[in-house]
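Structural overview
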Amino acid sequence: MWYFRTSILALDFVSQDEMLTPLGRLDKYAASENIFNRQMVARSLLDTLKEVSDDERDCIAVLERISRLADDSEPTVRAELMEQVPHIAMFCQENRPSIPYAFSKYLLPIVVRYLADQNNQVRKTSQAALLVLLEQELIERYDVETKVCPVLIDLTAPDSNDDVKTEAVAIMCKMASMVGKDITERLVLPRFCEMCCDCRMFHVRKVCAANFGDICSVVGQQATEEMLLPRFFQLCSDNVWGVRKACAECFMAVSCATSQEVRRTKLSTLFINLISDPSRWVRQAAFQSLGPFISTFANPSSSGQYFKEEDGKSPEDCGSAQEKSEQVRTTEDVTTEEEHNRTEDLSSHVDNDDFATKLENAMEDQNTVSNNSQRESDFQTESSFHCTLSSESCGEMADEDKRSSHCCTAGLREAGLNSQETSLSEQELYNSFHFWRTPLPEIDIDFELQQTSEIILDREIQELTMPVSPNIPMATRKELEEMIENLEPHIDDPDVKAQVEVLSAALRASSLDPQEETMASIGKETDSQTELTINEQQNFKPILGDIVPLIGDTENMDSTLHYIHNDSDLSTNSSFSPEEERKSKVQDVVPQALLDQYLSMTDPSRAQTVDTEIAKHCAYSLPGVALTLGRQNWHCLKDTYETLASDMQWKVRRTLAFSIHELAVILGDQLTAGDLVPVFNGFLKDLDEVRIGVLKHLHDFLKLLHLDKRREYLYQLQEFLVTDNSRNWRFRAELAEQLILLLDLYSARDIYDYLRPIAFSLCADKVSSVRWISYKLVSEMVKKLYMASTSTFVIDLMNELVEKFCRCRKWSGRQTFVFICQTISEDDCLPMDQFAVHLLPHLLHLASDRVPNVRVLLAKTLKQTLLEKEYFLNSANSHQEAVEQTIMALQMDDDSDVKYFASIHPASTKIADDAMSTASSTY
């Protein structure tokens, strides 16, 4: 009895609700003490609004109740309400004439207020809703300036809650691209710059660093260089590694928003510091961004690559990039010959004036680097959180260590340096330039050799000693000990360990007898025309020895230091001398230090000290780097590419396999044939995971080769039918797709001799998806051979189709023949008169096949495809009569499905449905 009573009460409850108006039901449940009822009200707000949308007053009443519901004390109700706000806003926008200003007056204040809600879930929901509303352009520009931005700026005030401040900064960064440059630059940018220097919360600085590139891309080049770059330098030297890592990850976006000069002079040096960072995670992120950063140096005139800057240029598509890269003239031989001649002239014909000029230029280059470092230090002082001296020095020393061939420069021992500055920053006080150099061998110079070079040494030494100042500040013993102590926590890193060893050597050298300083003073006081004795020259020899040349873009100073080649550390077992080997890596498109770091990504030690997948990142960005350098500088990347192509990790080789066709477009046919074809051949014999990359772009690569080279791969196409795993049917499906494209690259004879057997094999595949693509392949093959000058190939192909499939003992083979005929007819691959002569008689013969599946497909083909062709509709001929008689016979078939498809014309049943039906699928 109680069961029936409860049911009656429930029915009464439902009937009472049905009698209420939409507003009445809304008021009833909104006032309920049950939390779930109020949640239900929040979910049904949109439905309620739609019910009363015809009455403007009722719509306003619903919106007013939404405002009251927004004051609910239960966080789950507020979160549920905020999830519905974007949908309600879209409805209000669509019905704006009936409820004008509804969103701005009733809904937007709720969204903005919830941004500072105490509950985390409510805040997250409101943030997501705000971004959706901005993305859908549902918030007016005036409301963004007067209601949204002021609230976000208040939430990022110094006295704001830490979590709220961090979330507000993230929202400001994400909405920048939606509100445009004007609002961002006027309202968001000043507060963003302040947040970059937040001294208390590193989370805020980390959010700013992570979104720095987005802000730069919105405000444009001028604001980026004037206001944002100083903050970016601070963030890149932050003492929290997570902030520096975020800077490394967004470096490419920042670079795209700057000029080429700033990119080359400032950002490249800053990036080298990140690559040399003490933290492994920062170095890992920097190396991942290295390739994309190098790509920002691309010259649009030669690479076809453009950056989206203030002028609104859109990035070029792949086709345009390929066309422009094809127009690049191959000048490798010319460039190499010019560099070789230039180097020979410099090394064989260097007089005293040239030497002095080069030394002066080198010192100016070094001063430029020091000035940049000083500017970075100035930026760092504006924030209380900045990188310590040890990490900065570590970054600089690693920079000099890994820079195998950068700008030509020279260094002097500290006792012989001249400085016009009275005070130096900490970064300049200890500069790795003074210490990090190749150790010089101990060599006894013969007396006769000294006499021969006495005059030259005399003049060079005088030039060196003339500007020496006795009051040059040097790193004291105490400072060196502090630097070593700061580096010891990172001693596990091989790079840092090497730097500690250098500092230790400098520490030991500081305690030696200061004979060199005495000789420097003597050299300064004596007259410039006085000749030095042989003993004095011997004592002065170490000063000259400190001039260690680094390979420059166009100069080589080896002529001043012939004896350095005797150093065993510089010897090599290769057929090239170190100078020739380094010259082959020199270019002038990007800063050489960046390219050297990129080339070092294949070093096995990098996988241990940076990232186990660093080689994969190198392979991934290699086409972009090659496009930036241009085909004339391919010699810089050739060895690295070959190293990656033979890497033990199949993921690295797979990455290269997927991009080899793009690289071929960049390099052109000549370099492709010489350098990429051997790698391509190796990938063809690799694992299936690597081969699939080659297979997916097989047509794109082969079309770039000459015809004779292209024909060589006809013999290897058969090998794609064999896979490591026979169940890898997608591999064979991709092969069929590529063969369709390859039909345009080969002659009719090649198609018939080499591609036809593969196509027939794929038509008999166990998987229906592979067979279906193969039917398309065979039909396109028929079309291609028919259009050829020799018609015998297409006749032989159709005869083989009849013999191999129509007369096959297996019913699946006979069904395949029907499918092929249906595809040929639908795609008009063959004129109907030729089809009627060569294929139609054998097709109609299958009407008496003993397997119903074959007869069902035949009925579909005849009824839906052939009878719709004009050849069978408008002309009375024997073939038309034969088709009609066959259809009449199928209408009398014993199988109900055959009768059905032969009797009616289902409009929705097409060949694509047949391919996936149970009647045609066997896998």
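The model shown is predicted, which means the values in this text are computed figures rather than measured ones.

Looking now at the overall build of the chain. Helix and strand counts for the chain come out as 52 helices and 0 strands. Here the chain holds 923 residues, and the buried ones make up 51% of them. For the chain, restricting intrachain contacts to residue pairs at least 6 apart in sequence, the fraction spanning at least 24 positions comes to 73%. If you sum the accessible surface of the chain, you get close to 44,000 Å²; carbon and sulfur atoms cover 51% of it.

Looking now at helix 50 (residues 878–891). In this model helix 50 runs 20 Å from its N-terminal to its C-terminal C-alpha over 14 residues, within 8% of the 20 Å that 1.5 Å per residue would give. Here helix 50 has its buried residues at Gln 880, Val 883, Thr 886, Ile 887 and Leu 890. Buried residues along helix 50 cover an arc of 125 degrees about the axis, so they all sit on one side. Turned more than 90 degrees away from the buried face of helix 50, the exposed residues are Ser 878, Gln 885 and Met 888.

The geometry of helix 36 (residues 638–645) relative to helix 37 (residues 650–684) is characterised by a closest axis approach of 10 Å and an angle of 145 degrees between their N-to-C directions. In this structure, helix 36 meets helix 37 at a crossing whose hand is left-handed. Contacts between helix 36 and helix 37 involve Lys 638, Tyr 641, Leu 644 and Ala 645 from the former and Val 652, Arg 653, Leu 656, Ile 660, Leu 663, Asp 675, Leu 676, Val 679 and Phe 683 from the latter.

Turning our attention to the side chain of Arg 710. Here Arg 710 shows up in helix 40 (residues 707–711). A distance of 2.8 Å separates a polar side-chain atom of Arg 710 from the backbone oxygen of Leu 705.

Turning our attention to the state of the cysteines. Summed over the entire model, instances satisfying the criterion amount to 0 disulfides. Here Cys 197 is not cross-linked by a disulfide; its sulfur's nearest cysteine counterpart is in Cys 196, at 6.4 Å. The class of Cys 197 is buried, set by a relative accessible area of 14%.

Evaluation of the coordinates by the stated rule reveals 19 aromatic pairs. Centroid distance Phe 212 to Phe 232: 4.9 Å. Interplanar angle 40 degrees. Geometry classified as tilted. In this pair, Phe 212 is assigned in helix 13 (residues 212–219) and Phe 232 in helix 14 (residues 221–236), connecting sequence segments 20 residues apart. Taking relative accessible area as the criterion, Phe 212 reaches 0% and is therefore assigned buried.

Going through the model one piece at a time under the given rule, you end up with 35 salt bridges. Where Arg 244 meets Asp 277, a salt bridge forms, and the shortest distance between an N and an O atom there is 2.6 Å. A residue pair is termed long-range when its members are at least 10 positions apart, and Arg 244 in helix 15 (residues 241–249) and Asp 277 in the loop between helix 17 (260–275) and helix 18 (280–295) qualify at 33 residues. Judged by its relative accessible area of 7%, Arg 244 falls in the buried class.

Counting residues in hydrophobic clusters, the biggest one holds 172 residues, and the most contacted among them are Phe 212, Tyr 598, Leu 702, Phe 817, Phe 835 and Leu 843. Per-element accounting of this core gives the leading share, 16 residues, to helix 37. Those residues in contact with Phe 817, other than ones at most four positions away along the chain, are Leu 801, Val 802, Phe 805, Cys 806, Leu 839, His 842, Leu 843 and Leu 846. If you look at the next biggest cluster of nonpolar residues, it comprises 57 residues, including Ile 88, Phe 91, Leu 133 and Cys 149.

For helix 18, spanning 16 residues, the distance from its first C-alpha to its last is 24 Å, which sits close to the expected 22 Å at 1.5 Å a residue. The largest bend in helix 18 comes to about 40 degrees, at Ser 289, with the proline Pro 292 one to four residues further on. For helix 18, the buried fraction is high: 12 of the 16 residues fall into the buried class. Residues of helix 18 that are buried: Val 282, Arg 283, Gln 284, Ala 285, Ala 286, Phe 287, Ser 289, Leu 290, Gly 291, Phe 293, Ile 294 and Ser 295. For helix 18, the elements touching its buried residues are helix 15, helix 16 (251–256), helix 17, helix 33 (592–599), helix 34 (604–609) and helix 35 (614–629). With a side-chain oxygen lying 3.3 Å from the backbone nitrogen of Trp 281, the N-terminal cap of helix 18 falls on Ser 279.

Glancing now at the environment of Glu 74. Relative to the elements of secondary structure, Glu 74 occurs in the loop between helix 5 (56–69) and helix 6 (75–94). Residue classification places Glu 74 among the partly exposed residues on the basis of a relative accessible area of 22%. The spatial distance from the C-alpha of Glu 74 to the C-alpha of Ile 35 is 7.5 Å, given a sequence separation of 39 residues. What Glu 74 contacts, discounting residues up to four positions off in sequence, is Ile 35 and Arg 38.

Let us now look at unusual backbone geometry. Here the phi dihedral of Glu 137 falls at roughly 55 degrees; this positive angle occurs in a residue that is not glycine. Mapped onto the fold, Glu 137 is located in the loop between helix 8 (120–135) and helix 9 (141–155). Backbone geometry places Asp 828, a non-glycine residue, at a positive phi of 55 degrees. Within the secondary structure, Asp 828 is located in the loop between helix 45 (811–826) and helix 46 (832–838).

What follows concerns the environment of Ala 210. In this fold, Ala 210 is placed in helix 12 (residues 202–210). Residue classification places Ala 210 among the partly exposed positions, given a relative accessible area of 46%. Through-space distance from the C-alpha of Ala 210 to that of Glu 249 is 7.4 Å; in sequence the pair is 39 residues apart.

Once that is clear, we can look at the packing of helix 9 against helix 10 (residues 162–179). A packed helix pair is summarised by two numbers, namely the angle formed by the two axes and the spacing between the axes. It is the contact of helix 9 with helix 10, at a shortest axis distance of 9 Å, that shows an interaxial angle of 155 degrees. The orientation of helix 9 with respect to helix 10, classified from their angle, is roughly antiparallel. Crossing of helix 9 over helix 10 shows left-handed handedness. In contact with Arg 141, Val 144, Val 148, Cys 149, Leu 152 and Leu 155 of helix 9, helix 10 contributes Val 164, Lys 165, Ala 168, Ile 171, Met 172, Met 175 and Val 179.

In this section: the confidence of the model for the chain. Per-residue confidence for the chain gives a mean pLDDT of 74, with 65% of residues at or over 70. Here residues 1–11 scores under 50 on pLDDT; set against residues more than four positions off or in separate chains, the count is 0 contacts. Across residues 906–923, confidence stays below pLDDT 50; counting only partners more than four residues off in sequence or on other chains, it has 41 contacts.

With respect to the helices, strands and loops of the structure, Leu 594 is situated in helix 33. Since its relative accessible area comes to 0%, Leu 594 is described here as buried. In this structure Leu 594 touches Ser 268, Phe 271, Ile 272, Leu 290, Phe 293, Ile 294 and Phe 297, once residues within four positions along its chain are discounted.

Rules used throughout
Throughout this description, residue numbers start from 1 for each chain and increase along the sequence as written. Local features in this predicted model are restricted to residues of pLDDT 70 or higher, and side-chain atom pairs are both shown and tallied only at a pLDDT of 80 or more, whereas totals for entire chains, interfaces and linings draw on every residue. In computing side-chain properties, one takes all heavy atoms of the structure into account and sets aside hydrogens as well as water. Secondary structure elements are taken from DSSP: a helix is a run of H or I of four residues or more, a strand is a run of E of two residues or more, and numbering for both begins at the N terminus. A 1.4 Å probe rolled over the protein chains alone gives each residue an accessible area, and that area as a share of the maximum for its type sets the label: buried under 20%, exposed over 50%, partly exposed in between. Between two residues, a contact is recorded if the distance between any of their heavy atoms is within 4.5 Å. A 1.4 Å probe and the Shrake-Rupley method give the accessible areas. Residues count as covered only by the protein chains that appear here. The span expected for a helix works out to 1.5 Å for each residue beyond the first. For this quantity, the arc is that covered by the directions from the helix axis to the C-beta atoms. Simply put, an axis is a line fit to the C-alpha atoms, just over the touching stretch for a helix, and the angle between two N-to-C directions goes from 0 to 180 degrees. Each helix crossing is assigned a hand: it is left-handed if the near helix lies turned anticlockwise from the far helix by less than a right angle, otherwise right-handed if that turn is clockwise. Here a polar contact is taken to be a pair of N or O atoms separated by no more than 3.5 Å, where protein atoms must pair a possible hydrogen donor with a possible acceptor and residues adjacent in sequence count only if both atoms sit in side chains. A pair of sulfur atoms, both from cysteines and within 2.5 Å, is called a disulfide here. Between 30 and 60 degrees the pair is tilted, below 30 it is stacked and above 60 it is edge-to-face, where a pair is any two Phe, Tyr or Trp rings, Trp via its six-membered ring, whose centres lie within 6.5 Å. A pairing counts as a salt bridge when a side-chain nitrogen of Lys or Arg comes within 4 Å of a carboxyl oxygen of Asp or Glu. Think of a nonpolar core as a cluster: buried Ala, Val, Leu, Ile, Met, Phe, Trp, Tyr and Cys residues, connected wherever their side-chain atoms sit within 4.5 Å. Here the bend at a residue is taken as the angle between two axes, fitted respectively to the seven residues that end there and the seven that start there. Angular relationships are summarised with four words: roughly parallel below 35 degrees, roughly antiparallel beyond 145, roughly perpendicular across 65 to 115, and oblique for the angles in between. Across the chain, each position has a pLDDT score giving the predictor's confidence in that residue, from 0 to 100.

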